[in-house]
Amino acid sequence: MKITARWRAALLCDRITALALAAISLVGCVQVVRYALLGKALPLVTMCIVEALLILVACIAWKSRAPWLLLADVVGCIVLFSLTNYLETTLFNFGFAIQAAAALLGAVLGTVFAIRQHQGLRKGGLAPAVALAVIVVAVLAYWMVNVAIDKNTQGAAQTELWAVPSAYDSVDCDQPGTVEAFTYQTKAYATDQRDVEKTAYVYLPYGYDESQQYNILYLMHGTGDDEAYWLVTHAYNKTMIDNMIANGDIEPLIIVTPTFYVEDDCADGLDALTYSFREELRNDLMPAIESTYSTYAESCDEEGFTASRDHRAFAGLSRGAVTTYHSAFCGSLDYFSWFGTFSGSRTTAEYFQETLQSEEFADYSIHYLYVTSGNFDFALPGQIEDYADLLEVEPRLTEGVNTSFDILPMRYHSIGSWHLALYNCLQKMFVGLS
């Protein structure tokens, strides 16, 4: 009777772990297929590696009769779910939640049952776990080696950038630019049109000379942040810009970091602000900034801004990238010619076509659109789909010529990704201007 009970314990433990393995494998295959349909190599390769590791852990747990090893999958899937999903906008990678649940059930039920029945490991059961540890260490080593290589590299933008060179963002420049707060008057365009006072930050390059003309970049933050995000909160972005200018990688330029927020407006839904910022940008911010600082605009009116559009860029991260599309790319193509969108899109093919192909904007050239995201970024799937739609409806954009989509390895929705994005983007803008 005692032998039969232990035999049944082993059989039941195996079945519980096998069911968890089956569920994790099935969902993993679905995840890989969905990424294959997106048509981008790096995200697909990344997902293949991730799912292979999750399945390998589950397989080891089953083969070793050690269901507690499934807890590694639980932790991994929870982390991956939090990085690659955002409840407000996307659950493209909801499969990680299913895999976490399956692994948790398998680990708890299998382990509790095995303990109660004194079920031990199979002979040699730890050998596969050791092999898995070696694989994980190898993956981490590959990541660390690539980061180290890029940190010691100097020069041009890279499609698969692992790190900004240390010489740019960790060493203070001996020719630093300045950052100053700039206050201007605007209106609450998304709501009641009331008068509002707002602040933007302005970066002026070392040796700024009012008698010279400068290219200008308007650079937007994301949800929950403010106008200080790019240059003050994360001051190493300014250090990087200083060094890039001093090293001759980019020409001296003015950078303006505004905010799309308007006091407490639209707190229950920020989408309206990504559109209404167009009016603030055109009517208030640009005239105030470019009448104060020396840009290529000979006059701060429609004629002056249109004539100088080739010397003006707009870029942003996350909801700032959405604002870039809605208020600058689709809303002010007559004033801007260079664009960057990091980790955000949420713009349909119909809206691209309706605005860009309109009589108002149809005849303006697009110098460059730089798109980027981390391969673990929750915004990535939507960006890929929207970018494909844009290329399909917009004949002025040709991938590899005046637009590109860089996917940054081992990066997610964070400043670590956007710091790299800015490094690459700055080297794409204002290139070839006389």
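In the block above lies the structure referred to throughout.
Worth saying up front: this structure is predicted, and the values here are computed from it rather than measured.

Analysis parameters
Residues numbered from 1 in each chain as written. Predicted model: local features only at pLDDT ≥ 70, side-chain atom pairs only at ≥ 80, totals over all residues. Heavy atoms only, no water. Helix = DSSP H or I, 4+ residues; strand = E, 2+ residues; numbered from the N terminus. Expected span 1.5 Å × (residues − 1). Buried < 20%, exposed > 50% of the residue type's maximum accessible area, 1.4 Å probe, protein only. Axes fitted to C-alpha atoms, helices over the stretch in contact; angles between N-to-C directions. Parallel < 35°, antiparallel > 145°, perpendicular 65-115°, else oblique. Left-handed = near helix turned anticlockwise from the far one by under 90°. Contact = heavy atoms within 4.5 Å. Nonpolar A, V, L, I, M, F, W, Y, C, P; charged D, E, K, R; others polar. Salt bridge = Lys/Arg side-chain N within 4 Å of Asp/Glu carboxyl O. Pairing = 2+ DSSP bridges.

In this section: helix H2 (residues 41–63). For H2, which comprises 23 residues, the first-to-last C-alpha distance of 32 Å matches the rise-based estimate of 33 Å (1.5 Å per residue) to within 8%. Regarding H2, the residues found buried are Leu42, Pro43, Thr46, Met47, Val50, Glu51, Leu54, Val57, Ala58, Ile60 and Ala61. Arg65, located one to two residues past H2, shows a positive phi value of around 55°.

It is worth spelling out the packing of helix H9 (residues 271–292) against helix H11 (residues 319–329) at this point. Viewed as axis vectors pointing N to C, H9 and H11 meet at an angle of 55°, and their least axial separation amounts to 8 Å. Here H11 runs oblique to H9, going by the angle between their axes. Viewed along their axes, H9 and H11 form a crossing whose handedness is right-handed. Together, Asp271, Thr274, Tyr275, Phe277, Arg278 and Leu281 of H9 and Arg319, Val322, Thr323, His326 and Ser327 of H11 make up the contact between the two elements. Of the residues contributing to the contact of H9 with H11, the split by class is 4 nonpolar, 4 polar and 3 charged.

A few words now on the pattern of salt bridges. Taken as a whole and judged by the stated rule, the model has 15 salt bridges. The partner of Arg346 in a salt bridge is Asp271, with the nearest N and O atoms 3.1 Å apart. Of this pair, Arg346 sits in the loop between strand S6 (338–342) and helix H12 (349–356) while Asp271 sits in helix H9, and the two are 75 residues apart along the sequence. By relative accessible area, Arg346 is classed as partly exposed at 38%. One salt bridge in this structure joins Arg278 and Glu279, with 2.8 Å as the shortest N-O distance. By sharing partners, the salt bridges in this structure join Asp192, Arg194, Glu263 and Asp265 into a single network.

A few words on the sheet that holds strand S8 (residues 403–408). Here 8 strands make up an open sheet; going across it, the order is S1-S2-S4-S3-S5-S6-S7-S8 and the pairing mixed. In the strand order of this sheet, the two ends are held by strand S1 (178–187) and S8, each with one partner. Taken over all neighbouring pairs, the strand axes of this sheet differ in orientation by 20° on average, direction set aside. Here H11 sits on the sheet in contact with strand S3 (215–220), strand S5 (312–317), S6 and strand S7 (368–374), set at roughly 145° to S5. Set on the sheet, helix H14 (residues 415–426) makes contact with S3, strand S4 (253–257), S5, S6, S7 and S8; between it and S7 the angle comes to about 160°.

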